[in-house]
Amino acid sequence: MEFSPTVEALVEEFEIPKPLPRDGAQLSVSRTVSLLAVLYEKARNAVELRAEHLIRRAAIERILKRRIIINGGSNTIAENLVLELLWARYIDSSLIDQRKIEDIQKIVDRYLEVKYIKYDAGKNPKLVPWDTILGLSASEIEEIIVSSKKRDALANFFYQAIRTKVTFPNQDEAYGNIQTFIAVQRAFAQADEPLIVYQLLKLIQPTWFNVTREDIGAEVDSLMTAIEQIKGHLKDSMGEPLFRFARKQTPAFFLIRDLFLTSDDKVRTVLTDPTVLEQNLAQMAHKHYTETRARIGRGVIRSFIYILLTKMIFAFALEAPYDVYVVKNVRYLPIGINLLFPPILMVIVAGFISVPGEENTRKLVERIKKIIYHFDEVKAETDIFVAKERVRRPILTAIFSLVYMVMFGVTFFVIHLILSALQFNLVSQTVFIFFVALVVFFAYRIRQSTKDYAIVDKQGVLEPVVDFLFLPILKAGRWLSNEIAKLNLLTFFFDFILEAPLKVIFEVVEEWIRFVRIKREELV
């Protein structure tokens, strides 16, 4: 069967033989230390809500940040980084050998040189903070360890499918290419900002990734300029509407991604037989519906742990001292409600989150067959995105804004009246609203994640009304979540107080176990 050039190129990428493993001894770590490290990482990740596929890159960035602060320009940063990743089982030992550790150290040295040139001696470029450089280095290191070529090919396939549908009348083609690329990374690859910066930099300034340490001084200014340009594109006002457009196109492409990654080098055999393709897609869709239910459970548990730990901080730092020293009267009903209501609400809301059904599977299969066998027709479809300024209707805008503001005020005023009747003081009411807003927002995010494969978007009759009523609380929850991410006390505690001494203990235990093993082998 003959495919379009774009589909054929994707199939050929998956038919490229896998590279043979390099010769040389592989690193091994103690299972005891590994178990402790895994438990620690699970606790650490519970206090920072992040998509599962981004956790490893975030861990690399976190370890790098700590190692650079503690060890400075040490030439053992790469080895220690790899060791910590192996402990926590973020990577398998088969992926690492001595030469790869040397490659990682070269990357670390390159970015340390940037730090020396641009950030040391009190220098601090405002447009490109050091955390941006750390995120860039972590993304590059992750790709060295685990190749992303196939996933990049799938993202490019989605890009090719929607690029012709996106038009920016008053901008040049380069602008449209970059904005569409960013939308693809956000909607399809589900990348965060550091990963998008890295992916765009590979296109805009590929020479940076091959520069020698001696030539970094000549290259670093153009690097900073390129990152500033990328950050400007990430903040562009067209980004949000274009993301929403791209997001609507993703369900079928998500299942195509899973089909290719599962079939790997045998994907051509599957695609050339429509019956086999249909069977595979239906099985994978049902499998993902099951996994979605499990993901809902995991999301609820992670949100519950996050809320519980944050609630403990509020209770000890704010609520209890206020009751004891200011009000001088501890009321247990508000404390009990604040402790139990948010997690109960999370469980109740999660119970109403549903997954797609048979009708969705049928439409997914039909859509994917059209993409695979008639790709050029998909590119020519009329569901297009044309960038344009919003038509302003001052009177209607003023009326809607007034209604929204009134609704916002009424919602929180009613909550205030109910809580006052239950003898909540001002601090207890603030804590209640804080956690209910977070629960509603987290539940909304979990609900959105269940729509990854939903090509049929079922909406209940009362759903728009419910959405409107909860919109003020949802907006407040989103704002709180973003602000907490900037100042997360639990994250600070884990990263700067607990993690450094804990990892030192792990290193000592690892060396002790290795020492005992060597002495035991000497007796044989």
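See the structure printed just above.
Criteria and cut-off values
Residues numbered from 1 in each chain as written. Predicted model: local features only at pLDDT ≥ 70, side-chain atom pairs only at ≥ 80, totals over all residues. Heavy atoms only, no water. Helix = DSSP H or I, 4+ residues; strand = E, 2+ residues; numbered from the N terminus. Buried < 20%, exposed > 50% of the residue type's maximum accessible area, 1.4 Å probe, protein only. Contact = heavy atoms within 4.5 Å. Areas by Shrake-Rupley, 256 points an atom, 1.4 Å probe, with all protein chains shown as cover. Phe/Tyr/Trp six-rings, centres within 6.5 Å; stacked < 30°, edge-to-face > 60°. Core = buried A, V, L, I, M, F, W, Y, C linked by side-chain atoms within 4.5 Å. Polar contact = N/O pair within 3.5 Å; in protein donor to acceptor, adjacent residues only side chain to side chain. Axes fitted to C-alpha atoms, helices over the stretch in contact; angles between N-to-C directions. Parallel < 35°, antiparallel > 145°, perpendicular 65-115°, else oblique. Left-handed = near helix turned anticlockwise from the far one by under 90°. Nonpolar A, V, L, I, M, F, W, Y, C, P; charged D, E, K, R; others polar. Expected span 1.5 Å × (residues − 1). Salt bridge = Lys/Arg side-chain N within 4 Å of Asp/Glu carboxyl O.

Take the overall build of the protein chain next. Across its full length, the protein chain holds 20 helices and 2 strands. Expressed as a percentage of its 524 residues, the buried residues of the protein chain come to 44%. Contacts in the protein chain between residues far apart in sequence, at least 24 positions, make up 81% of those at least 6 positions apart. Here the protein chain has roughly 28600 Å² of accessible surface; of this, 61% comes from carbon and sulfur atoms.

Tallied over the entire structure, the rule returns 16 aromatic pairs. With a centroid separation of 5.9 Å and an interplanar angle of 85°, the aromatic rings of W87 and F506 are classed as edge-to-face. With W87 in helix α4 (residues 77–87) and F506 in helix α20 (residues 489–523), this pair connects stretches of sequence that are 419 residues apart. Grouping residues by exposure puts W87 and F506 together as buried. Note on Y198 and F209: the rings are 5.4 Å apart at their centroids and 90° apart in plane angle, and the pair reads as edge-to-face. Placement of Y198 in helix α9 (residues 193–204) and of F209 in the loop between α9 and α10 (216–234) is noted, with a sequence separation of 11 residues between them. With a relative accessible area of 4%, Y198 lands in the buried category. For F209, a relative accessible area of 17% gives the class buried. Grouped by ring-pair contacts, the aromatic residues F157, F158, F188, F253, F254, F375 and Y453 constitute a single cluster.

Next up on the list: the nonpolar core. Core analysis: the largest hydrophobic core is formed by 131 residues, its most contacted members being I133, I141, W208, F260 and L271. If we ignore the near neighbours within four places in the chain, the residues touching W208 are R110, Y111, V114, L201, I216, E219 and L223. Among the nonpolar cores identified, the runner-up in size contains 5 residues, and V33, A37, W87 and F506 belong to it.

The next point concerns the side chain of H288. Relative to the elements of secondary structure, H288 occurs in helix α13 (residues 274–327). A relative accessible area of 12% means that H288 is categorised as buried.

Once that is clear, we can look at the side chain of R367. Among the structural elements, R367 can be located in helix α15 (residues 358–373). At a separation of 2.6 Å, a polar atom in the side chain of R367 contacts the side chain of E381. If near-sequence neighbours (up to four positions away) are discounted, R367 is found in contact with K165, Q249, A252, V378, E381 and I455.

Orientation of α4 relative to helix α5 (residues 98–118), taken along the N-to-C sense of each, is 120°, at an axis distance of 8 Å. If you check the angle between α4 and α5, you find them oblique. By crossing handedness, the relation of α4 to α5 is classed as right-handed. From α4, I77, A78, E79, L81 and V82 reach across to α5, where they touch I101, I104, Q105, V108 and L112. In terms of residue class, the contact of α4 with α5 is built from 8 nonpolar, 1 polar and 1 charged.

Before going further, it helps to spend a moment on the environment of F157. Position of F157 among the secondary structure elements: in helix α7 (residues 149–163). Taking relative accessible area as the criterion, F157 reaches 3% and is therefore assigned buried. A sequence separation of 148 residues divides F157 from A9, and the C-alpha atoms of the two residues are 9.0 Å apart.

For α15, which comprises 16 residues, the first-to-last C-alpha distance of 23 Å matches the rise-based estimate of 22 Å (1.5 Å per residue) to within 8%. Those residues of α15 that fall on the buried side of the exposure criterion are N360, T361, L364, V365, R367, I368, K369, I371 and I372.

Taken as a whole and judged by the stated rule, the model has 28 salt bridges. We note a salt bridge from R268 to E15, for which the minimum N-O separation is 2.8 Å. Here R268, found in helix α12 (residues 267–271), pairs with E15, found in helix α1 (residues 5–15); they are 253 residues apart in sequence, far enough to count as distant. One salt bridge in this structure joins D452 and R247, with 2.7 Å as the shortest N-O distance. Note that D452 is positioned in the loop between α18 (426–449) and α19 (463–486) and R247 in helix α11 (residues 239–263), a separation of 205 residues in sequence. Counted as one network, the salt bridges with shared partners bring together E41, R62, R66, R67, E84 and K503.

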